[in-house]
Amino acid sequence: MEKRHKALGLEDETVRAMYETMLLARRLDERMWLLNRSGKIPFVVSGQGQEAAQVGAAFALDRDQDYILPYYRDAAIVLSFGMTVKELMLAAFAKAEDPNSGGRQMPGHFGQKKNRIVTGSSPVTTQVPHAVGIALASKMDKKEHVSFVTFGEGSSNQGDFHEGANFAGVHKLPVIFLCENNQYAISVPVDKQLASVNVSDRAIGYGMPGYTIDGNDPLEVYRYVKEAADRARRGEGPTLIEAKMYRLTPHTSDDDDRSYRAADEVEKAKLSDPVALFRTYVKETGILNDEQEQQMEQKIQQIINEATDYAEQAPYPRPEQALNFVYAEAEQEGTL
Amino acid sequence: MPVISYIDAVNMALREEMERDSNVFILGEDVGKKGGVFKATAGLYEQFGESRVLDTPLAESAIAGVAIGAAMVGKRPVAEMQFADFIMPAVNQIISEAARIRYRSNNDWNCPVVIRAPYGGGIHGALYHSQSVEAIFANQPGLKIVMPSTPYDVKGLLKAAIRDEDPVLFFEHKKAYRLIKGEVPEEDYVLPIGKADVKRKGGDITVITYGLCVHFAMQAAEKLAKEGIETEVVDLRTVYPLDKETMIESAAKTGKVLLITEDNKEGSIISEAAAIIAEHCLFDLDAPIQRLAGPDVPAMPYAPTMEKYFMMNPEKVEKAMRELAEF
């Protein structure tokens, strides 16, 4: 098999790390479902089938300075940006130590300032203008960082997508818009969401380049996001990238997808499971041998086991902690 | 001390804060070259340049959302909504995002954004250039809503809003812009957000209000004083969260309370104020709590007859005050 990553300037070690992050995200997601079905955690929102795009994109960014505004399926992105499995597990169990929200938000509402993971909400696509604002701050202060924002194809119909993308285009801001087109907005398929063939067709209206790419191939996503980041850092403005993929699970643990899509459609999509495809790549190019793979799986299992035990036993927030942090509290008052 | 207009105080506060802190910047529709449709930002584009006085696309949710994003990474954006009536497309950004950013992130992130908007009627603005919108935001913990009445308060409170670590909605009465003038120090000062101001002391009745209505109450109080009726006028200044202490203290002192807003009556700021006083002052009250407000119709009509009927004015205020005093 051709070593395509060489042409992208990626070392074997980096590609192995990309695969490991994808596998970690998948195994963590699978564990979350087990914990949910066994009654230990109330809710799961899944990223299965989207790991390639997420990891390919995250590795193309500068993970020491760029800002990311993920949406709720982006566990693999936040893992790439320094959030730990333990921290994600603390969020799943709604424990006090959860760095995303201290047990205030549902899982999948990521946020961690030290890793420049910008806090998000549930109304979709509100994070798009925020990403544009962060990019505006970067441009105003002549900083190098770009902002990177993701959303689904359904969300791309929101006004905030249009308003944010247009603003970024007008002011040529260093922001990368990544649409993770997983074919479904809960139950509604893409042909009921978009009148255009592709989300990326809209880019021309915002004066930015738009690309539709294979979201099951992390190297392809890496290539496009890297180019978009380079453009942004050169001051050439934003880019819209649409990565096509397939949501392999129901929308959430509260959804039953059998009511709106055929089982054989899902089975067929599994033939293009990005984790399986990239496993083939790393195995056949000799980046990962059998022994290393076994060690990787064991290591991941151990990390997830330890995180699960830790999070399960960690304390909940005290009830009255519900009252904290509505406004800045005394010791943090500003310059008044 | 120089006497300047309400809108000049807005301009002065913005200019001084932009000079003080390079992170402060302005964004909105027509705020740049034109200096704003009311000229609130006049001269700032010339002084600070295009990058700090940003003419945005005509899209209010982006104005709020972009400001929120910039605020989260350390900037001090002051976003202008051209009219308070046009803030509606940005409500999701203000309520779901700005108000909740600190709380939902367990204090990891915060959002020190200021959103300014001219509100209020009496300027032939009809339904969509006259509204008071504060009640929409006044049950959203995480937000602060400031509505000053005088140029002195405008300067001190707008500076405080810009320096605040949390999101502040700053509503300016557009009829007050050029009508209301007052002494404003040239030096730097801030006034506390969340504190009402007793604009006039008196022992017979209490009027609690904010914005342009403060001036109507002051005029009426002057007249009634000649008849021996002493009015205490409490200017809320911050309508959310309310300064309960000052309201309760004054209500307990006079035992007669008139609450005034230009907004529709039901579910208004003064409805909450009435509930607070009812909860705390039952045995101090000598009369039912009175509310004077706009009628419960959607918004202010255009024809001068109907506009005048809707709009608060000194006569309506004086009448309500006299009736309460005589109760």
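Reading guide: rules and limits
Residues numbered from 1 in each chain as written. Chains lettered and ligands numbered in written order. Predicted model: local features only at pLDDT ≥ 70, side-chain atom pairs only at ≥ 80, totals over all residues. Helix = DSSP H or I, 4+ residues; strand = E, 2+ residues; numbered from the N terminus. Rg over C-alpha atoms; globule rule 2.2 N^0.38 Å. Buried ≥ 20, exposed ≤ 12 C-beta atoms within 10 Å, placed from the backbone. Contact = placed C-beta atoms within 7 Å. Nonpolar A, V, L, I, M, F, W, Y, C, P; charged D, E, K, R; others polar. Core = buried A, V, L, I, M, F, W, Y, C linked by C-beta atoms within 7 Å. Domains from an automatic or database assignment. Pairing = 2+ DSSP bridges. Axes fitted to C-alpha atoms, helices over the stretch in contact; angles between N-to-C directions. Right-handed = clockwise from strand over helix to strand, strands pointing away.

Let's shift gears to the overall build of chain A. Secondary structure summary: chain A contains 11 helices and seven strands in total. The globule rule puts the C-alpha radius of gyration for 336 residues at 20 Å, and the 20 Å found for chain A is close to it. By its C-alpha atoms, chain A is 65 × 50 × 40 Å across when sized along the principal axes. Looking at the 336 residues of chain A, the share that counts as buried comes to 53%. Restricting the contact set of chain A to residue pairs at least 6 apart, pairs at least 24 apart contribute 75%.

For the rest of this paragraph, the subject is the overall build of chain B. When its secondary structure is counted, chain B shows 13 helices and 14 strands. Its C-alpha atoms give chain B a radius of gyration of 19 Å, near enough to 20 Å, the size a compact globule of 327 residues would have. Projecting the C-alpha coordinates of chain B onto the three principal axes gives extents of approximately 60 × 45 × 40 Å. Expressed as a percentage of the 327 residues in chain B, the buried residues total 57%. The long-range share in chain B, meaning contacts at least 24 apart out of those at least 6 apart in sequence, stands at 80%.

Bringing the interface of chain B and chain A into the picture now. Listed per partner, the contact involves 39 residues of chain B and 39 residues of chain A. Broken down by secondary-structure element, the contributors of at least two residues to the side of chain B that touches chain A are helix H3 (60–72), helix H4 (91–97), helix H5 (101–104) and helix H7 (151–163) of chain B. The biggest single contributor to the side of chain B that touches chain A is H3(B), with nine residues. Across the side of chain B that touches chain A, the residue classes break down as 16 nonpolar, 13 polar and 10 charged.

Moving on: the nonpolar core. Judged by nonpolar contacts, the single largest core of 199 residues is most densely connected at Val175(A), Ile176(A), Val225(A) and Ala217(B). A per-element tally of this core places helix H2 (residues 12–37) of chain A first, with 10 residues. Each of domain 1 (3–183) and domain 2 (197–326) of chain B contributes no fewer than three residues to this core. Apart from the residues lying within four places of it in its own chain, the contact partners of Val225(A) are Gly56(A), Ala57(A), Ala60(A), Leu61(A), Ile176(A), Leu178(A) and Ile241(A).

On to the environment of Val207(B), then. All names here are of chain B. Positionally, Val207 belongs in strand S10 (residues 205–209). Since 32 C-beta atoms lie within 10 Å of it, Val207 is described here as buried. If we skip the residues at most four places from it in the chain, Val207 touches Ala217, Thr231, Val233, Val234, Leu258, Ile260 and Met321.

The subject of this paragraph is the sheet that holds strand S12 (residues 238–240) of chain B. For sheets, the rule is that strands pair by backbone hydrogen bonds, running either parallel or antiparallel. All names here are of chain B. Across the sheet, which stays open at both edges, the seven strands sit in the order S3-S2-S4-S5-S7-S6-S12 with mixed pairing between neighbours. Each edge of the open sheet is held by one strand with a lone partner, namely strand S3 (53–55) and S12. Sheet twist, expressed as the average angle between the axes of neighbouring strands with direction ignored, equals 25°. Pairing geometry for strand S2 (residues 24–28) and strand S4 (residues 76–80), over five bridges, is parallel. Residue pairing for S4: Phe25 is matched across the bridge by Pro77. Strand contacts of H3: S2, S4 and strand S5 (114–119), with the helix running at about 170° to S4, the strand carrying the most contacts. Lying over the sheet, H7 contacts S2, S4, S5, strand S6 (144–146) and strand S7 (168–173), oriented at roughly 160° with respect to S7.

This part is about the pairing of strand S6 (residues 210–214) of chain A. Side-chain direction in a regular strand flips from residue to residue, so the side chains alternate between the two faces of the sheet. Strand direction decides the pairing type here: S6(A) and strand S7 (residues 239–244) of chain A, joined by five bridges, are parallel. Its bridge partner being in S7(A), Gly210(A) is matched across the sheet by Leu240(A).

Let us now look at the domain arrangement of chain B. All names here are of chain B. Domain assignment breaks chain B into domain 1 (3–183) and domain 2 (197–326). Distance between the C-alpha centres of domain 1 and domain 2: 26 Å. Contacts between the two partners involve 26 residues from domain 1, matched on the other side by 24 residues from domain 2. Going through the elements one at a time, helix H6 (134–137), S6 and H7 are the ones with two or more residues in the side of domain 1 that touches domain 2. Its residues placed into classes, the side of domain 1 that touches domain 2 shows 13 nonpolar, nine polar and four charged.

All names here are of chain B. Across the five residues of S10, five count as buried, placing the element largely inside the fold. Bridge analysis of S10 against strand S11 (residues 231–235) gives five bridges, and the strand direction is parallel. Residue Ile208 lies in a different strand from S11, and its bridge partner there is Val234. Handedness of the β-α-β unit built from S10, helix H9 (residues 213–226) and S11 comes out right-handed. Pairing between S10 and strand S13 (residues 257–264): three bridges, direction parallel. In the strand pairing of S13, Ile208 is matched with Leu259.

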